[in-house]
Every structure is written in C-alpha cells, then in structure tokens.
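Residues per chain, in single letters:
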Amino acid sequence: MERYEALIFKEYPDFDMLVMDVASALANDLSEALHHEDRVLFAVPGGTTPGPVFDALSVADLDWERVDICPTDERWVPEINPRSNARLIKERLLVNRAMAARFLPLYASALQPEDVLAELEAMIAPKLPLAVALLGMGADMHTASLFPKAQGLEKALSENAPILVPVRREDLPETRVTLSARVLDGAMRKHLLIQGEDKRIALEKARKLRAKEAPIQSVLDGANVHWTV
Ligand SMILES: O=C(O)[C@H](O)[C@@H](O)[C@H](O)[C@H](O)COP(=O)(O)O
C-alpha cells in the first residue's frame, strides 16, 4: 500500500478486487462508527463507478437501521429521472440488509434548489459530521458536484460554506446540489474510488494544483484512495 503525504493510495489488479475490498472497508468503517454513535451519516456518490460497491455493501451485516445515507451531491431532477442519484442509491444500495437504512435526499420538488435548500439542510445538519464518505472523481478533477469553473464552486470551497450549495455550469445537463467541501472533507473516514489511468494521472495533477482548479484536492487529506486500471 503506497502512502504519500496524508493520503493512502491502494492499487488493485482488477475492478472486482477493488469492489470487494472497498465494500469491506466501508462496512468496517460504518460498524466502527456505530460503536461510538447512536446514528451515523454516510455520504455516497452517483456516477457509473459505485454501483457494484453498493451491491456488495448492501448485504453487509451491520446495524443499518442506525445508518442515515445521503448523496454527496444530486442532480436537480425527480427520482423517476434516470439521472437521479437518489434513484441509483435506492436501486443499488438501499436494498437487501441495507434497506433498513434511512435516506436523506438532496432533492425536493421545487423549480430551483434555492427554494428548498433550508429544508434539505435542516435534515442533514443535526447528523453532521459525516461518519463515512465514499467519493468519486471525474477526469476533470471534480468530486461530488464540485466542478471546476462552475457557478457556486467558490462558495462550496469556502471555509464557512453552508452544508449544501447549488452548482451550475452551462455544459451540465441540469442544476446540481452538492455537499460543500468542508462537509465532505470533515468526514471521519473518506474513501475515493477511481478507475482508469486517466483518473490516476488527474489525481497526480490535482495534488499540484489549487482546489479551485482541482476541487478533488479539497477532500484528499487523510483519504483512502482506491484505484484500478
Ligand atoms: O453525481 C455524480 O455523478 C457523482 O457524485 C460524481 O461526482 C461522480 O462521482 C464523478 O463524476 C465520477 O463519476 P464516474 O464514477 O461515473 O466516473
């Protein structure tokens, strides 16, 4: 296991090995957190990578009824929309034993996030800090919906950022809502899932840039990075 600076980088021979090890690490982290707290908050990403990890984690034998699960970020679409992270998480993670967990949404039926942000934050605030955060990363070095050059990024990266920040960028299909960097980085245990050489190179690049150019950097301290080709 390679260790450089304050993050732990673990490489796997293939994606299946990564999936099993990350699901096991997440189950252990959640179980450990549940020894110390009555309830724990677990944030998980959307995207194409985490699905198999959700499948493997959903059968883990732990006190899921004491786990609250929220997305790291959400696309501002109803759950019936295939792009909804709530839909992905409910289809792949909140099944089997993990069905007993409680889901905290980052979307509510309103034209704009700003119309209901206070209500969404009120559900999450009492449960912070995050016990565990599972994160993805784009090749453009975004994580959650902390996208470079996006409207809302500066606020989401600021030290006194609110819990939730709306994010918009012309090329994004819809408005996003993201947990702010301070909330994500404040997770007691962080696991970053990245697959492919392009993302490994992007991660290396991110470590030399500022968070504004490479938002992933704002959550790397103490993170467990799980990578496979
Ligand atoms: O809503 C989302 O899409 C995620 O939260 C996002 O941050 C994702 O983790 C990255 O874009 C990586 O996505 P892939 O796993 O599809 O590469």
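Residues numbered from 1 in each chain as written. Predicted model: local features only at pLDDT ≥ 70, side-chain atom pairs only at ≥ 80, totals over all residues. Heavy atoms only, no water.

Right, let's get into the pairing of strand E7 (residues 132-135). The alternating pattern of E7 places Val132 and Leu134 on one face and Ala133 and Leu135 on the opposite face, and all of these are buried. Sheet topology places strand E3 (residues 40-44) next to E7; two bridges connect them, and they run parallel. The partner of Ala43 across the bridge, within E7, is Ala133. With four bridges joining them, E7 and strand E10 (residues 189-195) adopt parallel strand pairing. Each bridged residue has a counterpart across the sheet, and for Val132 the counterpart in E10 is Arg189. (Buried < 20%, exposed > 50% of the residue type's maximum accessible area, 1.4 Å probe, protein only. Helix = DSSP H or I, 4+ residues; strand = E, 2+ residues; numbered from the N terminus. Pairing = 2+ DSSP bridges.)

Quick look at the nonpolar core now. Side chains of a nonpolar character, in soluble globular proteins, are inclined to be buried together. Counting residues in each nonpolar core, the largest one holds 43 residues, and the members touching the most others are Leu130, Leu164, Leu179, Leu184, Leu192, Leu203 and Ile216. Each residue touching Leu164, except ones within four places of it in the same chain, is listed here: Leu106, Leu117, Leu120, Glu121, Ile124, Val177, Thr178 and Leu179. Counting 35 residues, the second-largest nonpolar core is a separate cluster that includes Ala33, Leu62, Leu88 and Phe103. (Core = buried A, V, L, I, M, F, W, Y, C linked by side-chain atoms within 4.5 Å. Contact = heavy atoms within 4.5 Å.)

Within this structure's numbering, the places UniProt gives as "domain: Glucosamine/galactosamine-6-phosphate isomerase" (unreviewed entry) are residues 14-227. The annotated region residues 14-227 carries 30% helix and 18% strand content, and the separation between its end C-alpha atoms amounts to 9 Å. (UniProt positions renumbered as here; feature names shortened; annotations may be inferred.)

Our next topic: the site of the ligand. Taken together, 16 residues surround the ligand, and among them Thr48, Thr49, Asp73, Ala144 and Lys199 come closest. One of the backbone N or O atoms of Gly46 is found 3.2 Å from an oxygen atom in the ligand. Within the side chain of Arg75, one N or O atom sits 2.7 Å away from an oxygen atom of the ligand. Considered on its own, the ligand offers 420 Å² of accessible surface; in the complex 88% of this is hidden by protein. Taken together, the residues of the shell around the ligand break down into three nonpolar, nine polar and four charged. (Near = heavy atom within 4 Å. Polar contact = N/O pair within 3.5 Å; in protein donor to acceptor, adjacent residues only side chain to side chain. Areas by Shrake-Rupley, 256 points an atom, 1.4 Å probe, with all protein chains shown as cover. Nonpolar A, V, L, I, M, F, W, Y, C, P; charged D, E, K, R; others polar.)

For the rest of this paragraph, the subject is unusual backbone geometry. Going from Leu128 to Pro129, the amide bond is cis rather than trans, its omega being 5 degrees. Secondary-structure assignment places Pro129 in the loop between helix H4 (117-124) and E7. Phi at Asn96 is positive, roughly 55 degrees, even though this residue is not glycine. In this fold, Asn96 is placed in the loop between helix H3 (85-92) and strand E6 (102-103). Overall, the relative accessible area of 46% leaves Asn96 in the partly exposed class. Positive phi, normally seen in glycine, also occurs at Lys149, with a value near 65 degrees. Position of Lys149 among the secondary structure elements: in the loop between E7 and helix H5 (153-157).

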